Amino acid sequence: MEGRHISIISPYIEWDSLPLNWLLFRSQRQDVPTPKSRGVLLFNVNFEVPELTAFVLANSDQKAKRLSIFSQPCLLMTEYVAEDYAIGSGYAFLGGLPELEGRGNNGFAGFGRIRFLTYCEDNRVVSIVTSELGPGVIGFSRARELDGRHNETTLGLLDPANETIDYTRTTTDTRICPCCYETKANCTPETCRNAQIYDEKRGMRLAMVARSELSVATLEYTLSWIEGMWTLPMGPLEPIICKATCYSSGILFENSLKAVLQNEVASIHPPRSSFRFVKLALEEIDQILTLAEAETPTTTSSFEGKTSSITDSTGSALPSSKKNATHACPDCAACFRRKYDLKTHRASVHDKRRNYKCPQCPKTFTQNGHMNTHIRVEHMGDKQHVCPYCKKNFPIKSKLVRHVQAVHENNRVSKGAEQ
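Attention in this report is confined to the structure presented alongside it.

What counts and what doesn't
- Counting restarts for each chain, with residues numbered from 1 along the sequence as it is written.
- The predicted nature of this model means local features are confined to residues of pLDDT at least 70 and side-chain atom pairs, given and counted, to a pLDDT of 80 or more, with totals for whole chains, interfaces and linings taken over all residues.
- Calculated side-chain values reflect all of the structure's heavy atoms, with hydrogen atoms and water omitted.
- By definition, two strands form a pair when at least two bridges between them are found by DSSP.
- Helix and strand assignments come from DSSP, with helices taken as H or I runs of at least 4 residues and strands as E runs of at least 2, each series counted from the N terminus.
- Each axis is a line fitted through C-alpha atoms, and for a helix only the stretch in contact is used; angles between axes span 0 to 180 degrees, taken between their N-to-C directions.
- Pairs of residues are marked as contacts when any of their non-hydrogen atoms sit within 4.5 Å.
- Working definition of a nonpolar core: buried Ala, Val, Leu, Ile, Met, Phe, Trp, Tyr and Cys residues. They are joined through side-chain atoms within 4.5 Å.
- To sort residues, take the accessible area from a 1.4 Å probe on protein chains only and compare it with the maximum for the residue type: under 20% means buried, over 50% means exposed, and anything in between is partly exposed.
- Only protein atoms enter the 1 Å grid used here. Points where a 1.4 Å probe fits but cannot escape make up a cavity, open sets with protein on both sides within 12 Å along at least five of seven lines make up a pocket, and a residue lines them when an atom lies within 4 Å of a point.
- Grid points are joined across faces, edges and corners, and a volume is the space filled by probe spheres set on the points.
- Under this grouping Gly is polar, as are all residues other than the nonpolar Ala, Val, Leu, Ile, Met, Phe, Trp, Tyr, Cys and Pro and the charged Asp, Glu, Lys and Arg.

1. As for the sheet that holds strand S2 (residues 74-81)
Whenever strands of a sheet pair, they do so through backbone hydrogen bonds, lying parallel or antiparallel.
Alright, step 1. Reading around the circumference, S1-S2-S3-S6-S7-S8-S9-S10-S11-S12 is the order of the 10 strands in this closed barrel, with antiparallel pairing throughout. For this sheet, the mean inter-axis angle between neighbouring strands, taken without regard to orientation, is 25°.
Alright, step 2. Relative to strand S3 (residues 85-93), S2 runs antiparallel, the two sharing seven bridges. Pairing of Val-81 across the sheet is with Ala-86, part of S3.
Alright, step 3. Of the strands in this sheet, strand S11 (228-234) and strand S12 (237-247) are in contact with helix H2 (residues 51-58), which crosses S12 at around 90°.
Alright, step 4. In the packing of helix H6 (residues 219-226) onto the sheet, contacts are made with strand S1 (40-48), S2, strand S6 (111-121), strand S7 (124-134), strand S8 (137-145), strand S9 (150-159), strand S10 (164-176), S11 and S12, and the angle to S1 comes to roughly 15°.

Structural data, given as structure tokens:
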């Protein structure tokens, strides 16, 4: 596959198609239609790696090491379901889940963003997962269902600029019967008593797809397909045993989802600005009440008379008080003192414009300042301040302090209190 166009890995990855732009991180979430319902699934994996195999892997080439993100636990969410395929996004938990058996995982090293495409091909499900591994480098994992007990898995690296494949490695993974594993018996279709069960389960999965209005593999199908124990061949070395467990509820699922949401909120809305969003919400409520009681106003907002030109995390200035705000947003209840603030607010919040593209990677931003910060931190290596809890990097110490207080110590303080 090396050197060939990435369309070879899937018939749905056509020029300028939604699956292509999605897997290459060119499309943003707001560009994808919102489905009627979203499925969310947590995949947790545990590995038994023989000592010699572990030693060889630790000293393997860098290309293989970069693809280790696809062996991490992950939380997946369906974003869009078409007639014959589905796409989604998720987070890989680098170093394992943040919390294990009620305790924090010291090996947890942050999150990695992933995206996926699933579809049926010749009555076999195919799942393609991608992740941005660095500037101009995207890793991919392609798993294809062969039968009830075997998958064909291809790991590789993509060049998103040229849309070509740079590196691949393909293996055939085999499902292990738990009974054979516990008794250390030779688990083959000829000797295993449960071999027929896996083909029957696959038949039930295909029947589930046939009954659906859309010919796509849902996360429910994926749960039944992937969950279980697998042998991962390592060439001349002893194979790795992988145990995959899927969750759609429970404490482990809830804690993982909470960690993802906390990270999402912290990255979009810095904790130091939380009081500003409360202020914004109160002002919007006050505006609605004022409009409803316009004929006989009896109360005034506690924030009236106090103006602010600070900006939120999307780059839009927060609405000023009604006395000084002369520019109203036609799409929401926000008002602004300056026309420029209204223009910026509409472009970033309502129009979802991301006009500033990083010159070194495909990422786009709503503000030039955000792009410059990204370049300084991600491409120039300005990551001097690292969170001791989640290993997230910050360009300045004050942001690290606020992050620790708000995210890990659950102590959200306002800017005034910090001073």
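Read on for the rest.
2. Details of the nonpolar core
Alright, step 1. Membership of the largest hydrophobic core comes to 20 residues, with the highest contact counts inside it found for Ile-6, Ile-13, Tyr-85, Leu-117, Tyr-119, Ile-128 and Leu-158.
Alright, step 2. Mapped onto this core, the elements with two or more residues apiece are helix H1 (18-23), S3, S6, S7 and S8.
Alright, step 3. Among the elements that line this core, the one with the most residues is H1, at three residues.
Alright, step 4. Residues in contact with Leu-158, not counting those within four places in the same chain, are Ile-6, Leu-24, Gly-136, Val-137, Ile-138, Phe-140, Thr-164, Ile-165 and Asp-166.

3. Digging into the environment of Leu-67
Alright, step 1. By the secondary structure assignment, Leu-67 is in the loop between helix H3 (62-66) and S2.
Alright, step 2. Distance in space between the C-alpha atoms of Leu-67 and Thr-130 is 10.0 Å, their sequence separation being 63 residues.
Alright, step 3. Leaving out residues up to four positions away in the same chain, Leu-67 has contacts with Leu-133, Gly-139, Phe-140, Leu-155, Gly-156, Leu-157 and Tyr-167.

4. Considering the layout of surface pockets
Alright, step 1. Taken as a whole, the second largest pocket spans an internal volume of roughly 1,300 Å³.
Alright, step 2. Considered class by class, the residues forming the lining of the second largest pocket number 28 nonpolar, 11 polar and four charged.

5. Overview of the pairing of S12
Alright, step 1. Strand direction decides the pairing type here: S1 and S12, joined by seven bridges, are antiparallel. Bridge pairing links Glu-48 to Ile-241 in S12.
Alright, step 2. Examined bridge by bridge, S11 and S12 share six bridges and lie antiparallel to one another. If you follow Trp-230 over to S12, its bridge partner there is Cys-242.

As far as function goes, none of this settles anything; it's purely spatial.
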